[in-house]
Amino acid sequence: MREKILWMLEKNSRIDLRDLAIMLGVEETAVANEIARMEEENIICGYHTMINWENTSQEKIIALIEVRVAPQRGMGFDKLAERIYQYEEVDTVYLMSGGYDFTVILEGKTLREVSQFVSDKLSTLDSVLSTSTHFVLKKYKEHGTILAKKPKDERMLVTP
């Protein structure tokens, strides 16, 4: 039942508990209790709303920053990741395989704001060897949801 609840909540975190219970064929209280246990166990870590900011008047810059580090003895990657994710500007931190150790994702209001974060805060950390910053130009699909508007089919309808 847990996996089904998680899958349904991941697709729609606003689903009504009653509807969820009906879909699972169990009592509503059983679903509510299971969700509460998963929140306590840090399986469910939060509930987020996906917003297509391009359809608003709000300007946002999203940057993906690849970070190469030299882990220090006794600290490892986890301590470095913690130092990075403590910055309020940072939205996401991933430990990666390949040429870079971390991918850091953040949002800013301007290119200058993002570049100042990289130059003043991120790159000055002792263990950081190099960074490479990439800016998101346009989102087409995020978390399985298509964000781009589909073009209208402007062909003429032909009937016999």
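Residues numbered from 1 in each chain as written. Predicted model: local features only at pLDDT ≥ 70, side-chain atom pairs only at ≥ 80, totals over all residues. Heavy atoms only, no water.

Which residues make up the pattern of salt bridges, and what values do they have?
The tally for this structure, following the rule as stated, stands at six salt bridges. Here Arg2 makes a salt bridge to Glu41, at a shortest N to O gap of 2.9 Å. Within this pair, whereas Arg2 is found in helix α1 (residues 2-11), its partner Glu41 is found in the loop between α3 (28-40) and β1 (61-69), the two being separated by 39 residues in sequence. The class of Arg2 is partly exposed, set by a relative accessible area of 24%. Across the pair Glu142 and Lys139 runs a salt bridge whose closest N-O atoms are separated by 3.1 Å. Taken together, the shared-partner salt bridges in this structure form one network comprising Arg2, Glu34, Arg37 and Glu41. (Salt bridge = Lys/Arg side-chain N within 4 Å of Asp/Glu carboxyl O. Helix = DSSP H or I, 4+ residues; strand = E, 2+ residues; numbered from the N terminus. Buried < 20%, exposed > 50% of the residue type's maximum accessible area, 1.4 Å probe, protein only.)

Hey, could you go over the packing of aromatic side chains for me, with residue numbers and the actual values?
According to the stated counting rule, one finds two aromatic pairs in the structure shown. Both rings, one in Phe77 and one in Phe102, keep their centres 5.9 Å apart while their planes meet at 80 degrees; by these two values the pair is edge-to-face. With a gap of 25 residues between them, Phe77 in helix α4 (residues 76-85) and Phe102 in strand β3 (residues 102-108) connect regions that are remote in the sequence. Each ring, one from Tyr87 and one from Phe117, has its centre 5.4 Å from the other, and the planes form 85 degrees; the classification is edge-to-face. Of this pair, Tyr87 sits in the loop between α4 and β2 (90-95) while Phe117 is found in helix α5 (residues 111-122), placing the two residues 30 residues apart along the sequence. (Phe/Tyr/Trp six-rings, centres within 6.5 Å; stacked < 30°, edge-to-face > 60°.)

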